[in-house]
Amino acid sequence: ALIASHSKQTYTEEAMGFFDILVTQASVALENAYLFERANELATRDGLTGLYNHRHFFELLEAEMSRAERHNQQLAVIMVDVDRSSGGLKMVNDTYGHQAGDEMLRQIADFILHNVRRADVVARYGGDEFIILAPQTGADEAAVLGKRLCEGLATKEFQVGKGAVHITVSVGVAVYCPSSRSNSTAIVSLADQGLYQA
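These lines cover the structure that appears in this document, whether it is placed above or below. Residue numbers run consecutively from 1 along every chain, following the written order of its sequence. With the structure being a predicted model, the display of local features is reserved for residues of pLDDT at least 70 and the display and counting of side-chain atom pairs for 80 or more, all residues being used for whole-chain, interface and lining totals. The basis for every side-chain value is the complete set of non-hydrogen atoms in the structure, without hydrogens or water.

Here, nonpolar core means buried Ala, Val, Leu, Ile, Met, Phe, Trp, Tyr and Cys residues that are tied together by side-chain atoms lying within 4.5 Å of each other. Burial status follows relative accessibility: with a 1.4 Å probe on protein chains alone, a residue under 20% of its type maximum counts as buried, one over 50% as exposed, and anything between as partly exposed. Ranked by internal contacts, the top residues of the largest apolar core, which has 29 residues, are V80, M104, I108 and I112. Secondary structure follows DSSP: runs of H or I at least 4 residues long count as helices, runs of E at least 2 residues long count as strands, and numbering of each begins at the N terminus. Of all the secondary-structure elements, those providing two or more residues to this core are β1 (75-82), α3 (88-96), α4 (98-113), β3 (129-135), α5 (139-155), β4 (158-160) and β6 (169-176). If you tally residues by element for this core, the top one is α4, at seven residues. When checking whether two residues touch, look at their non-hydrogen atoms; a contact exists if any pair is within 4.5 Å. Setting aside chain neighbours within four positions, we find I112 in contact with V80, V122, F130, I132, L149 and L153. One finds F57, A68, M79 and I187 within the second-largest nonpolar core, a separate group that totals 18 residues.

Shown next as structure tokens:
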């Protein structure tokens, strides 16, 4: 740190000691703020894709359901799962290695993130499953989004390892209506059932 004064007098050793304490305290505070932010990021983000993790998704869903109830609005939960029939994550891992599988998951996450609205929340649900929270979204809009993701991912070529991979996905959609009084687990379970049927 640099300390300057308009006065011609130099600082006393006591004043310099005081400034040293202030600088030390400020640097400790900055380091603690950085560590807190980093710990918060690790607690809420998936380490591989950078998307929100499963646990934090449920926290955000609870908050969004509460908001939807206050404003009498719908919200949609959309689950996206890579089809095993198209090879999926296991085929990529077995053919090109686990690093290639990780890269494919990152690319899928990036694709989904860039094909939803800014207000939507995307999380990695687990394995090769992703989940989207779409506020102020009804069944028709959610179905359109789900179809767009299915079609977009089916036509995308994923560069993994030393090869190119094409995948397909299945999508399940559930819509929360404030009058239903459902909880977050029930809504996600409905989307999961839709995914299973798909």
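The subject of this paragraph is α4. Along an α-helix, a turn takes 3.6 residues, which lines up residues three or four apart on a common side. What a helix is expected to span follows from its residue count: subtract one and scale by 1.5 Å. Taking 1.5 Å per residue, 16 residues should reach 22 Å; α4 reaches 22 Å between its end C-alpha atoms and fits that length. Within α4 the residues assigned to the buried category are A100, G101, M104, L105, Q107, I108, A109, F111 and I112.

This next bit is on the sheet that holds strand β2 (residues 121-126). Strand pairing is assigned whenever DSSP detects at least two bridges linking the two strands. Reading across from one edge, β2-β3-β1-β6 is the order of the four strands in this open sheet, with antiparallel pairing throughout. Across the chains shown, the open sheet's two edge strands, defined by having one partner strand only, are β2 and β6. Pairwise comparison of adjacent strand axes, ignoring direction, gives a mean angle of 20° for this sheet. Relative to β6, β1 runs antiparallel, the two sharing eight bridges. Axis definition: a line fit to C-alpha positions, over the contact stretch in the case of helices; interaxial angles, taken between N-to-C directions, run 0 to 180 degrees.

Once that is clear, we can look at the pattern of salt bridges. Think of a salt bridge as a Lys or Arg side-chain nitrogen and an Asp or Glu carboxyl oxygen that are within 4 Å of each other. One pass over the full model with this rule turns up nine salt bridges. A salt bridge links D81 to R84; its shortest N-O distance comes to 3.7 Å. K90 is the salt-bridge partner of D94, the closest N and O atoms lying 2.7 Å from each other. With D94 and K90 both in helix α3 and four residues apart, the pair spans about one turn of that helix. Among the residues examined, K90 registers a relative accessible area of 59% and is labelled exposed.

So far we have only geometry, and geometry alone does not tell us how the molecule works.
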